[in-house]
Amino acid sequence: IISFLRKGRTADSAVLVVVNLTPVPRPDYRVGVPQPGFWDEVLNSDSREYGGSGYPGQGRIEAEPVSWHGRSYSLNLTLPPLAIVFLKHEGELP
């Protein structure tokens, strides 16, 4: 598993990229993030529209105040096999 964060032009703008290079789904995979709030899945390469298996995606997920990977917050993800998932930080929504 490889993950990295791409920062945007503002401090609150970020995209998390998580790559599962194994042929096995990874449920309950935790990744540290720098901000609280919601993260929306904007691309899942395992989606049927891209020729993938259609393994269920995240949709919208809220960061938990669980410190992980040196970050104050984290996401508990389910990663599809052999796929790349992009999650965009949307901030704290009502």
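The structure this text deals with has already been given above.
The structure contained in this document is the topic of the report that follows. (Residues numbered from 1 in each chain as written. Predicted model: local features only at pLDDT ≥ 70, side-chain atom pairs only at ≥ 80, totals over all residues. Heavy atoms only, no water.)

Once that is clear, we can look at the sheet that holds strand 4 (residues 38-44). Within the open sheet, the five strands sit side by side as 1-2-7-4-5. Their pairing is antiparallel. Looking at strand neighbours, the two that pair on one side only are strand 1 (2-7) and strand 5 (60-62), the edges of this open sheet. Across the sheet, the mean angle from the axis of one strand to that of its neighbour is 25°, orientation sign disregarded. Pairing of strand 1 with strand 2 (residues 14-20), which is carried by six bridges, proceeds in the antiparallel orientation. Residue pairing in the sheet places Leu5 in a bridge with Leu16 of strand 2. (Pairing = 2+ DSSP bridges. Helix = DSSP H or I, 4+ residues; strand = E, 2+ residues; numbered from the N terminus. Axes fitted to C-alpha atoms, helices over the stretch in contact; angles between N-to-C directions.)

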